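# Fold and contact review
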Amino acid sequence: MNFLEERIIKDAVVKPGNVLKVDSFLNHQMDIELMDRMGEEFYNRFKDAGVTKVLTIEASGIAIACSVARCFGVPMVFAKKSKSVNIDGDVFVAEVESFTHKNVNKVIVSKKFLKPEDKVLIIDDFLANGCALQGLISITESSGAKVVGLGIAIEKGFQIGGRVIRNLGYKLESLAIVDEMDAEKGTIKFREQ
């Protein structure tokens, strides 16, 4: 069992509807040491990919992506869920359905932050149905940049997202893959990696 799986067992709560509540350490209150360990682990897994940018989607992926970008010594860019007055010029846009929030968002990245010469590592906190990753892949490819890998903190292996992304031919690394959760018993079963 790795460090993230241990933390999930210790502090996560399994809720009905395939919800894994990790807000005490990952996506509401954040354990910064844990973020840095995840950053180092993603660095080790992708250090030979030539990463020039780290890309994520707001909001929960930002902290992990910052730690990853620090390890690589490259900028981190995050896709915003709505256009604001401080984004000027042309943007790349993708529609992304949220498993957690049960809605569809248009996410945007300013064209000045992704260039054809970039090699992009996409990072996010959760992978369920894969819509967020597909949106970020679409934005990256629209820019002419290359997706060199995708890093996920927690993958719900019993949902289709991981299979879809891997079948598209991308290198996808998940630090913890949950194969089963039982809300009544409060149990979690991880995939051997």
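Worth saying up front: this structure is predicted, and the values here are computed from it rather than measured.

### Some words on unusual backbone geometry
The residue after Glu58, namely Ala59, is reached through a cis peptide bond having omega 10 degrees. The topology assignment puts Ala59 in the loop between strand 3 (53-57) and helix 3 (62-72). One non-glycine residue, Asn18, lies in the positive phi region at around 60 degrees. With respect to the helices, strands and loops of the structure, Asn18 is situated in the loop between strand 1 (13-15) and strand 2 (19-21).

### As for helix 1 (residues 3-11)
Looking at helix 1, one finds that the buried residues are Phe3, Leu4, Glu5, Arg7 and Ile8. Against strand 2, helix 2 (32-46), strand 8 (146-156), strand 9 (172-182) and strand 10 (187-190) lie the buried residues of helix 1. With a side-chain oxygen lying 2.9 Å from the backbone nitrogen of Leu4, the N-terminal cap of helix 1 falls on Asn2.

The rules we used
Residues numbered from 1 in each chain as written. Predicted model: local features only at pLDDT ≥ 70, side-chain atom pairs only at ≥ 80, totals over all residues. Heavy atoms only, no water. Helix = DSSP H or I, 4+ residues; strand = E, 2+ residues; numbered from the N terminus. Buried < 20%, exposed > 50% of the residue type's maximum accessible area, 1.4 Å probe, protein only. Contact = heavy atoms within 4.5 Å. Polar contact = N/O pair within 3.5 Å; in protein donor to acceptor, adjacent residues only side chain to side chain.

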